[in-house]
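Report on the structure
Residue-level listing of the chains:
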Amino acid sequence: MIDDFELIVSSMRTQYGLSLYSDEFKKMSWNEFKALLTGIDGETPLGRIVQIRSEDDPDMLKHFSQGQHAIRNEWRNRLAKEKTSQEIDNYLEQIKQAFIELAK
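Residues numbered from 1 in each chain as written. Predicted model: local features only at pLDDT ≥ 70, side-chain atom pairs only at ≥ 80, totals over all residues. Heavy atoms only, no water.

Close contact between helix H1 (residues 5-16) and helix H4 (residues 45-54) brings their axes to 7 Å; oriented N to C, the two are set at 125°. As summarised for this structure, H1 and H4 are arranged oblique, according to the angle between their axes. Between H1 and H4, the contacting residues are Leu7, Ile8, Ser10, Ser11 and Thr14 on the first element and Pro45, Leu46, Gly47 and Ile49 on the second. Within the contact of H1 with H4, the residues separate by chemical class into five nonpolar, four polar and no charged. (Axes fitted to C-alpha atoms, helices over the stretch in contact; angles between N-to-C directions. Helix = DSSP H or I, 4+ residues; strand = E, 2+ residues; numbered from the N terminus. Parallel < 35°, antiparallel > 145°, perpendicular 65-115°, else oblique. Contact = heavy atoms within 4.5 Å. Nonpolar A, V, L, I, M, F, W, Y, C, P; charged D, E, K, R; others polar.)

In structure tokens, the structure reads:
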């Protein structure tokens with residue numbers, strides 16, 4: 001969410017006419033903010049980026065511009081790195097549990 005903050009700001013303004021810097025927003029509950037964010041549609045800046053990032057249809061990908069491919073590839077590479085970190089953490093936890101079992 002932090003990396004996409006500018007997209008969130010512009011999408012909230014586009015879809016709801018809401019400024020995240022307004023007093024109205026400062027009074028908003030977290031649950032209301034989450035509900036509004038969840039309802040962001042594909043016609044907002046965030047919605048368009050999310051659509052690009054998540055596209056897997058080969059026919060659609062053929063028609064992507066170079067910029068769209070760059071956005072999608074950057075996102076997928078980021079997810080791959082995160083997944084690798086999670087896998088490493090899981091593996092280390094398994095090793096830790098194995099040592100605990102051996103120590104009994």
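Mapped onto the elements, Asp4 comes out in the segment before H1. Distance from Asp4 to Ile49, taken between C-alpha atoms, is 9.5 Å for residues 45 residues apart in sequence. When near neighbours in sequence (up to four residues on either side) are disregarded, Asp4 contacts Leu46 and Arg53. Engagement of the side chain of Asp4 in a polar contact is seen with the side chain of Arg53, the distance being 2.8 Å. (Polar contact = N/O pair within 3.5 Å; in protein donor to acceptor, adjacent residues only side chain to side chain.)

Here the structure, examined in full by the defined rule, presents two aromatic pairs. Judged by centre distance (5.6 Å) and plane angle (75°), the ring pair of Phe25 and Phe33 falls under edge-to-face. Its relative accessible area of 21% is what places Phe25 among the partly exposed residues. Judged by relative accessible area, which is 8%, Phe33 ranks as buried. The ring of Trp75 carries Arg53 above its face, with NZ or CZ at 4.1 Å from the centroid. (Phe/Tyr/Trp six-rings, centres within 6.5 Å; stacked < 30°, edge-to-face > 60°. Buried < 20%, exposed > 50% of the residue type's maximum accessible area, 1.4 Å probe, protein only. Lys NZ or Arg CZ within 6 Å of the ring centre and 35° of its normal.)

Applying the stated criterion across every chain yields a total of six salt bridges. With its nearest N and O atoms 2.8 Å apart, the salt bridge here joins Arg53 to Asp4. In this pair, Arg53 sits in helix H4 while Asp4 sits in the segment before H1, placing the two residues 49 residues apart along the sequence. A relative accessible area of 13% means that Asp4 is categorised as buried. In this structure, Arg76 engages Asp56 in a salt bridge whose closest nitrogen and oxygen atoms are separated by 3.3 Å. Here Asp56 lies in the loop between H4 and helix H5 (58-62) and Arg76 lies in helix H6 (residues 66-103), a separation of 20 residues in the sequence. What you see here is one network of salt bridges that share partners, running through Asp56, Arg72 and Arg76. (Salt bridge = Lys/Arg side-chain N within 4 Å of Asp/Glu carboxyl O.)

This part is about the packing of H1 against helix H3 (residues 30-38). Axes are the key here: two packed helices are described by the angle between their axes and the distance separating the axes. Taken N-terminus to C-terminus, the directions of H1 and H3 make an angle of 80°; their axes are 10 Å apart at the nearest point. Between H1 and H3, the crossing angle belongs to the class labelled roughly perpendicular. Packed against H1, whose contacting residues are Ile8, Met12 and Tyr16, the element H3 presents Phe33, Leu36 and Leu37 at the interface. Considering only residue class, the contact of H1 with H3 consists of six nonpolar, no polar and no charged.

Read these as spatial facts, not as claims about activity.
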